[in-house]
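Fold and geometry: a report
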Amino acid sequence: MKLQSFVFVTTLAFSAAGWAQNPIVIKFSHVTTIDTPKGKGALKFKELAEAATKGRVKVEVYPNSQLYKDKEELEALQMGAVQMLAPSLSKFGPLGVKEFEVYDIPYILPSKAALQRVNEGPVGKALLKKLEPKGIVGLAYWDNGFKDMTSNKPMVKPSDFRGQKMRIQSSKVLDAQMRALGANPQVLAFSEVYQGMQTGVVDGSENTPSNIYTQKMHEVQKYLTVSDHGYIGYAVIANKKFWEGLPPDIRTALDGAMREATVYANQIAQQENDAALEGIRKAGKTQVRVLTAQEKAEWKKALLPVQATVAPRVGKALIDSFNKEAAAADAAAKTAMK
Ligand code: LMR
């Protein structure tokens with residue numbers, strides 16, 4: 001081997017070994033278990049990101065509030081103690097980005113099609129941009145699903161919530177929603193909900209079947225009402241300084257991995273929730289009741305005033321744009337059915 005090519009080959013070998021020993025580490029913290037839509041999405045991103053960067057990036061996923069609880073994880077991201085998170089859209093209020101709480105308005109997004117129009121269109125993109133002054137970059141939206149109510153008391157009519165202590169995420173819109181039902185909302189971190197239910201700190205809560213099942217909430221809740229009254233989804237986010245400081249080729253590879261992981265996460269979300277609801281039914285500890293169309297209409301009527309109550313907080317124009325996208329999705333679905 002000529003000296004020049006020897007130097008070239010050994011340099012390459014050394015730098016490859018260097019990367020392998022000293023990869024860029026991305027700590028990705030989140031609060032659900034690994035067998036949820038978010039948990040599986042995070043692991044898929046890890047797999048794709050490590051393959052696309054040929055080991056130059058190592059993604060360490062910390063699930064189930066192992067590192068941080070709801071509020072702490074956002075602080076940790078801003079300080080750079082972790083590099084990536086995927087908090088629920090209901091948890092950005094305490095950070096000062098309260099517009100995301102528009103997603104919490106009951107029944108505002110009636111279908112996944114409406115949701116997709118919002119997230120992938122200008123409205124969703126503009127919302128992610130609002131994170132940048134906080135030192136955070138928004139990478140994608142990941143789906144979980146529609147929420148149901150659980151409690152130790154039956155919940156059929158809106159008046160059944162009167163006086164019930166209901167756990168909520170840290171969103172003022174969810175607070176308004178529970179108050180509209182006559183319930184007493186109480187903010188608890190996700191990791192504290194099971195114990196809160198077990199000890200009677202709260203009577204009930206709202207969540208997606210996948211979150212209820214994987215946290216075993218159904219073991220400490222007697223009733224579940226399938227109401228689909230709201231939505232849980234995630235903004236996948238990164239520390240802005242870290243993300244923008246990555247070598248350009250690495251960032252391009254990670255962007256590609258994120259796009260693929262997003263398609264995967266959004267594809268599996270519904271089936272994960274369907275399987276979880278089935279699991280809850282089979283466990284036999286919780287009585288599952290699906291609202292009839294007429295009951296749902298009553299819930300919608302009771303919850304409609306929430307839109308006006310929270311308009312000064314999240315912005316009337318933003319609420320209008322959500323309603324517009326929902327109407328357009330509905331019209332498209334009707335045309336497709338003809
Ligand atoms: C909750 O706190 O109920 C959810 O946001 C948890 C999650 O991340 O899905």
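That block above? That's the structure.
Report on the accompanying structure.

The rules behind these values
- Residues numbered from 1 in each chain as written.
- Predicted model: local features only at pLDDT ≥ 70, side-chain atom pairs only at ≥ 80, totals over all residues.
- Heavy atoms only, no water.
- Near = heavy atom within 4 Å.
- Polar contact = N/O pair within 3.5 Å; in protein donor to acceptor, adjacent residues only side chain to side chain.
- 1 Å grid on protein atoms, 1.4 Å probe; cavity = no way out; pocket = protein on both sides within 12 Å on 5 of 7 lines; lining within 4 Å.
- Sits in = over half its atoms within 2 Å of the grid points.
- Nonpolar A, V, L, I, M, F, W, Y, C, P; charged D, E, K, R; others polar.
- Helix = DSSP H or I, 4+ residues; strand = E, 2+ residues; numbered from the N terminus.
- Expected span 1.5 Å × (residues − 1).
- Buried < 20%, exposed > 50% of the residue type's maximum accessible area, 1.4 Å probe, protein only.
- Arc of directions from axis to C-beta.
- Axes fitted to C-alpha atoms, helices over the stretch in contact; angles between N-to-C directions.
- Parallel < 35°, antiparallel > 145°, perpendicular 65-115°, else oblique.
- Contact = heavy atoms within 4.5 Å.
- Pairing = 2+ DSSP bridges.
- Phe/Tyr/Trp six-rings, centres within 6.5 Å; stacked < 30°, edge-to-face > 60°.
- Lys NZ or Arg CZ within 6 Å of the ring centre and 35° of its normal.

Let's talk about the site of the ligand
The ligand sits among Val31, Thr32, Lys38, Ser88, Lys91, Arg167, Gln169, Phe190, Asn207, Asn211 and Tyr234. In the model, an oxygen atom of the ligand is placed 2.6 Å from a nitrogen or oxygen of the Gln169 side chain. Separating an oxygen atom of the ligand from a side-chain N or O atom of Asn207 is a distance of 2.8 Å. Taking a 2 Å distance to the grid points as the criterion, the majority of the atoms of the ligand fall inside the largest cavity. The class makeup of the residues in the shell around the ligand is 3 nonpolar, 5 polar and 3 charged.

Considering helix H13 (residues 316–337)
Between its first and last C-alpha, H13 extends 32 Å over 22 residues, near the 32 Å set by a 1.5 Å rise per residue. Every buried residue of H13 is accounted for by Leu318, Ile319, Phe322, Glu325, Ala326 and Ala329. The buried residues of H13 occupy an angular sector of 125° when the element is viewed end-on, so they sit on one face. Exposed and oriented more than 90 degrees from the buried face of H13 are Lys316, Ala317, Lys324, Lys334 and Thr335.

As for the packing of helix H11 (residues 293–303) against helix H12 (residues 305–314)
Direction vectors running N to C along H11 and H12 enclose 30°, while the axes themselves pass 5 Å from each other. Classified by the angle their axes make, H11 and H12 are roughly parallel. Contact with H11, carried on its side by Lys301, Ala302 and Leu303, involves Pro305, Val306 and Gln307 of H12 and no other residues of that element. Tallied by class, the residues present in the contact of H11 with H12 amount to 4 nonpolar, 1 polar and 1 charged.

Notes on the sheet that holds strand S4 (residues 136–146)
Sheet strands line up and pair through hydrogen bonds in the backbone, either parallel or antiparallel. Ordered in space as S2-S1-S3-S10-S4, the 5 strands form an open sheet in which the pairing is mixed. This sheet does not close on itself; its edge strands, each paired only once, are strand S2 (57–62) and S4. The pairing of strand S1 (residues 24–29) with S2 spans 6 bridges and is parallel. Bridge assignment links Ser29 to a residue of S2, and that residue is Tyr62. In the packing of helix H3 (residues 70–79) onto the sheet, the strands contacted are S1, strand S3 (84–85), S4 and strand S10 (231–239), and the crossing angle to S10 comes to about 25°. Those strands touched by helix H10 (residues 248–283) are S1, S2, S3, S4 and S10, and its axis lies near 15° from that of S4.

A closer look at the packing of aromatic side chains
The final tally for this structure, using the stated rule, is 8 aromatic pairs. Taken together, a centroid distance of 6.2 Å and an interplanar angle of 40° make the contact between Tyr103 and Tyr141 tilted. In this pair, Tyr103 sits in the loop between S3 and helix H4 (112–120) while Tyr141 sits in strand S4, placing the two residues 38 residues apart along the sequence. When its relative accessible area of 1% is taken as the criterion, Tyr103 is described as buried. Of the residues examined, Tyr141 reaches a relative accessible area of 8% and is grouped as buried. One aromatic cluster in this structure is built from Tyr103, Tyr141, Phe146, Tyr231 and Phe322. Of note, Lys44 hangs over the ring of Tyr264, and the distance from its end group to the ring centre comes to 4.8 Å. The ring of Tyr107 is capped by Lys300, whose NZ or CZ atom sits 5.2 Å from the centre of that ring.

Shape is all these values report; function is a separate question.
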